[in-house]
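Summary of structural features
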Amino acid sequence: VQLQASGGGLVQAGGSLRLSCVISTRTFSSRAVGWFRQAPGKEREFVATIRMSGGNSYYADSVKGRFTISKDAAKNAVYLQMNNLRPDDTAVYYCASTNGPLSTWRDINQYNIWGQGTLVTVSS
């Protein structure tokens, strides 16, 4: 199984981007797919995650109300719509999957399959 992240780029503050995470197999059975980000000089942090059956979603407080995670079963993909972007959203964004229990879905260590990352740069 592979996860392929794309959609990053350069955008002005207040702008929007949509990231995509395409899953390479139709037999994907992970419980959730999440987005994480790593800013220069900082640790990788949780952004959002979505349950693959049912679609419940969870967000970091820093992005709640601005970012929306969604999935498209037909395209085997998970998306992250990012609105009202701020310079402190600048980071490499990664998608990853987990089979851990719901209580662990904000824990980066529970995610065992990772995409390669896509760079988002927000200018002020």
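See the structure printed just above.
None of these values were measured; they are calculated from a predicted model.

One pass over the structure, following the stated rule, counts six aromatic pairs. The interplanar angle of 75° and the centroid separation of 4.7 Å between the aromatic rings of phenylalanine 36 and tyrosine 111 together place this pair among those described as edge-to-face. Note that phenylalanine 36 is positioned in strand 4 (residues 32–38) and tyrosine 111 in strand 10 (residues 111–114), a separation of 75 residues in sequence. The buried category is assigned to phenylalanine 36, whose relative accessible area is 0%. With 5.1 Å between their ring centres and 50° between their planes, phenylalanine 36 and tryptophan 114 make a pair best called tilted. Highlighted residues: phenylalanine 36 in strand 4 and tryptophan 114 in strand 10, separated in sequence by 78 residues. It is arginine 18 that lies over the ring of tyrosine 79; its NZ or CZ is 4.1 Å from the centre. One residue, arginine 44, lies across the ring of tyrosine 94, its end atom 3.7 Å from the ring centre.

Trans peptide bonds make up the majority, and among non-glycine residues the majority have a negative phi. Located in the positive-phi region is asparagine 76, a residue other than glycine, with phi close to 55°. In this fold, asparagine 76 is placed in the loop between strand 7 (67–72) and strand 8 (77–82).

Calculation notes
- Residues numbered from 1 in each chain as written.
- Predicted model: local features only at pLDDT ≥ 70, side-chain atom pairs only at ≥ 80, totals over all residues.
- Heavy atoms only, no water.
- Phe/Tyr/Trp six-rings, centres within 6.5 Å; stacked < 30°, edge-to-face > 60°.
- Helix = DSSP H or I, 4+ residues; strand = E, 2+ residues; numbered from the N terminus.
- Buried < 20%, exposed > 50% of the residue type's maximum accessible area, 1.4 Å probe, protein only.
- Lys NZ or Arg CZ within 6 Å of the ring centre and 35° of its normal.

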